[in-house]
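As a plain string of letters, each chain reads:
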Amino acid sequence: MAEDLDKLRIHGDTQVGPGAIDFAVNVHGDRPPAWLADRLRQRIDDLAAYPTAADEARARRAVAERHGVDPGRVLPLAGSAEGFHLLADHAARRGLRAAVVHPSFTEPEVELRRAGVPVTRVILREPYTFDPGLVPESADLVVVGNPTNPTSVLHPRATIAALCRPGRVTVVDEAFCDVVDDEGGSTLAGADLPGLVVLRSVTKTWALAGLRAGYAVGDAAVLADLAAHRVHWPLGTLQLEAVAACCSGEASVHLDRIRRRLAADRAAMCEALTGAGIEIAVPPAAPFVLVRTPEGYDPHDFRARLGERGVAVRRCDTFPGLDPRHVRLAVRDAATVSRLITAWEGARDQASTDSDRG
């Protein structure tokens with residue numbers, strides 16, 4: 001059990017060594033865009049004071065306007081990870097039984113198990129499409145990703161909505177939904193469904209992973225309970241400013257550009273990977289691609305050889321339902337993908353040569 005938890009706690013940032021070409025972490029860009037950085041810098045002089053109620057209200061309003069809901073159905077968070085922590089404690093207080101749909105981001109299960117919540121795994125098989133009927137009727141809390149990390153599968157909005165019912169908390173991890181091709185037709189953020197809690201991150205798309213910022217939108221009663229059990233000042237001034245900025249009208253213009261660029265880069269990357277003989281597990285909808293290491297080669301050894309060539313990829317045997325051959329690749333530009341392919345071919349050739357010598 002301890003070994004299993006240790007694997008679930010592994011995340012992409014631990015796979016990247018100094019100076020490596022980073023395909024392991026799903027953060028777009030290497031720094032926040034200039035307009036966003038400027039907006040955050042303007043708040044530096046305010047840091048001698050505590051974050052104010054006005055700061056939080058401004059963040060809530062920005063999220064509410066973005067998703068067309070009342071501010072009472074919004075809760076700013078110190079990243080989605082805080083949301084999973086709060087929801088696990090909420091489930092423990094109420095004696096809920098959880099189901100987690102896998103393969104998916106593993107932090108929700110880690111938090112639920114930390115809180116002593118009984119967890120049932122719902123394992124999807126390739127091509128990782130989701131059927132709500134797979135979730136036990138007894139599950140009072142269900143966690144599902146959309147699009148799902150690391151498979152990059154986008155589930156139909158109506159399929160996820162079918163999980164919602166009175167007496168059940170349905171948690172939808174939409175950390176990457178802002179950059180799918182049809183966000184409006186895919187997201188449940190803003191839907192008025194019983195027990196629904198949608199978690200959003202603003203750190204992936206806007207290169208703010210070090211700031212830890214995000215939000216929840218959904219059932220007002222559930223969010224009020226989460227808020228009632230937090231520490232005082234759970235978010236700092238810059239975190240609240242980031243939430244407000246990334247949900248602003250100004251951000252929407254930049255987001256459209258980012259979405260188009262990621263879609264183009266993803267299409268070009270898939271074509272290049274396929275051309276190099278790299279197997280894509282399923283067609284991707286998110287800013288990352290699930291692939292397999294070459295058949296007949298030791299996958300652990302193959303990843304190590306990529307690392308020796310300065311390329312970091314995300315191992316995926318830490319995700320329930322995936323095996324050691326699966327690796328996740330963040331979408332990158334053509335020049336960076338070319339360096340990945342060179343390293344991949346070199347690792348493959350070296351492994352073949354070493355096998356022949358053996």
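Criteria and thresholds
- Residues numbered from 1 in each chain as written.
- Predicted model: local features only at pLDDT ≥ 70, side-chain atom pairs only at ≥ 80, totals over all residues.
- Heavy atoms only, no water.
- Helix = DSSP H or I, 4+ residues; strand = E, 2+ residues; numbered from the N terminus.
- Buried < 20%, exposed > 50% of the residue type's maximum accessible area, 1.4 Å probe, protein only.
- Contact = heavy atoms within 4.5 Å.
- Areas by Shrake-Rupley, 256 points an atom, 1.4 Å probe, with all protein chains shown as cover.
- Lys, Arg positive; Asp, Glu negative; His and termini not counted.
- Charge placed at Lys NZ, Arg CZ, Asp CG, Glu CD.
- Pairing = 2+ DSSP bridges.
- Axes fitted to C-alpha atoms, helices over the stretch in contact; angles between N-to-C directions.
- Left-handed = near helix turned anticlockwise from the far one by under 90°.
- Expected span 1.5 Å × (residues − 1).
- Disulfide = S-S within 2.5 Å.
- Arc of directions from axis to C-beta.
- Polar contact = N/O pair within 3.5 Å; in protein donor to acceptor, adjacent residues only side chain to side chain.
- Phe/Tyr/Trp six-rings, centres within 6.5 Å; stacked < 30°, edge-to-face > 60°.
- Lys NZ or Arg CZ within 6 Å of the ring centre and 35° of its normal.
- Core = buried A, V, L, I, M, F, W, Y, C linked by side-chain atoms within 4.5 Å.

Participant: In this structure, what is going on with the overall build of the chain? I would like to understand it.
Facilitator: If you tally the helices and strands in the chain, you get twelve helices and 13 strands. Taken along its principal axes, the extent of the C-alpha atoms in the chain is 65 × 50 × 35 Å. Relative to its full complement of 358 residues, the chain shows a buried share of 54%. Of the contacts formed within the chain by residues at least 6 apart in sequence, a portion of 75% connects residues at least 24 apart. Carbon and sulfur atoms provide 52% of the accessible area of the chain, an area that totals close to 15000 Å². For the chain, the distance from the average position of its 42 positive side-chain charges to the average position of its 48 negative side-chain charges is 2 Å.

Participant: So what exactly am I meant to see when it comes to the sheet that holds strand β4 (residues 119-123) here?
Facilitator: Sheets are built from strands that pair by backbone hydrogen bonding, the pairs being arranged parallel or antiparallel. Overall, mixed pairing links the seven strands, which are arranged β2-β8-β7-β6-β5-β3-β4 in an open sheet. Each edge of the open sheet carries a strand with a single partner, namely β2 (74-77) and β4. Here the strands of the sheet are splayed against their neighbours by 20° on average, with no regard to which way each runs. The sheet contact formed by strand β6 (residues 169-173) and strand β7 (residues 196-201) spans four bridges and is parallel.

Participant: Before we go on, may I ask you to explain the environment of L226 in this structure?
Facilitator: Relative to the elements of secondary structure, L226 occurs in helix α8 (residues 220-228). In this structure, the C-alpha to C-alpha distance between L226 and L196, residues 30 residues apart in sequence, is 13 Å. Ignoring any residue separated from it by four or fewer positions in sequence, one finds L226 in contact with L75, L86, L87 and H90.

Participant: Help me understand the packing of helix α4 (residues 80-94) against helix α5 (residues 107-114) in this model?
Facilitator: Viewed as axis vectors pointing N to C, α4 and α5 meet at an angle of 40°, and their least axial separation amounts to 8 Å. α4 and α5 meet at a crossing whose hand is right-handed. In this structure, α4 uses F84, H85, A88, D89 and A91 to contact α5, whose residues at the interface are P108, E111, L112 and R114.

Participant: What should I look at first to understand helix α3 (residues 53-67) in this one?
Facilitator: Think of an α-helix as turning once every 3.6 residues; residues three or four places apart then point the same way. Here α3 spans 21 Å end to end across 15 residues, near enough to the 21 Å set by a 1.5 Å rise per residue. Of the positions making up α3, those classed as buried are D55, A59, R60, A62, V63, A64 and H67. Buried-residue contacts for α3 involve β2, β7, β8 (214-218) and α9 (237-246).

Participant: Help me understand the sheet that holds strand β10 (residues 288-292), please; the structure alone is not making it clear to me.
Facilitator: Spatial ordering of the open sheet is given by β9-β10-β13-β12, a layout of four strands whose pairing is antiparallel. Looking at strand neighbours, the two that pair on one side only are β9 (279-280) and β12 (314-315), the edges of this open sheet. By the bridge criterion, two bridges tie β12 to strand β13 (residues 326-330) in an arrangement that is antiparallel. Bridge assignment links R314 to a residue of β13, and that residue is R328.

Participant: Explanation requested: the state of the cysteines in the structure shown.
Facilitator: Think of a disulfide as a covalent bridge from one cysteine sulfur atom to another cysteine sulfur atom. Across all of its chains, the model carries zero disulfides by this definition. Summary of cysteine pairing: C246 is not part of a disulfide, and the nearest cysteine sulfur, belonging to C247, is at 6.9 Å. C246 gets classed as buried once you look at its relative accessible area, which sits at 6%.

Participant: Before we go on, may I ask you to explain helix α11 (residues 299-308) in this structure?
Facilitator: Considered for burial, the residues of α11 that qualify are P299, F302, R303, R305 and L306. Along the axis of α11, the buried positions cluster into a sector of 155°, meaning they face one direction only. The opening residue of α11, the one whose side-chain oxygen lies 3.1 Å from the backbone nitrogen of H300, is D298.

Participant: Looking at this structure, how should I read the packing of aromatic side chains?
Facilitator: Any aromatic ring pair is given by two values, namely how distant the centres are and how the planes are angled relative to each other. If you walk through the whole model with that rule in mind, you get five aromatic pairs. Both rings, one in F84 and one in F105, keep their centres 5.9 Å apart while their planes meet at 50°; by these two values the pair is tilted. Remark: F105 occurs in the loop between β3 (98-102) and α5 and F84 occurs in helix α4; sequence separation between them is 21 residues. Take F105: its relative accessible area is 23%, and that puts it in the partly exposed class. When the ring of F176 is compared with that of F288, the centres are 5.0 Å apart and the planes differ by 75°; the resulting orientation is edge-to-face. You can see F176 sitting in the loop between β6 and α7 (183-186) and its partner F288 sitting in strand β10, a full 112 residues away along the chain. Judged by relative accessible area, F288 falls into the buried class, the value being 0%. Stacked on the ring of F288, the Lys or Arg R328 has its end atom at 5.8 Å from the ring centre.

Participant: Hey, could you run me through the nonpolar core in this one?
Facilitator: The nonpolar side chains of a soluble globular protein tend to be buried with one another. One finds F23, V135, W206 and L273 to be the most contacted residues of the largest nonpolar core, which totals 69 residues. In terms of residue count, the dominant contributor to this core is helix α10 (residues 249-275) (seven residues). For V135, the contacting residues outside a window of four places in its chain are A99, V101, V122, F130, V142, L163 and R168.

Participant: How do you make sense of the side chain of T293 when you look at a structure like this?
Facilitator: Within the secondary structure layout, T293 lies in the loop between β10 and α11. The class for T293 is buried, based on a relative accessible area of 1%. Not counting residues within four places of it along the chain, the set of residues in contact with T293 comprises P299, F302, R325, V327 and W344.

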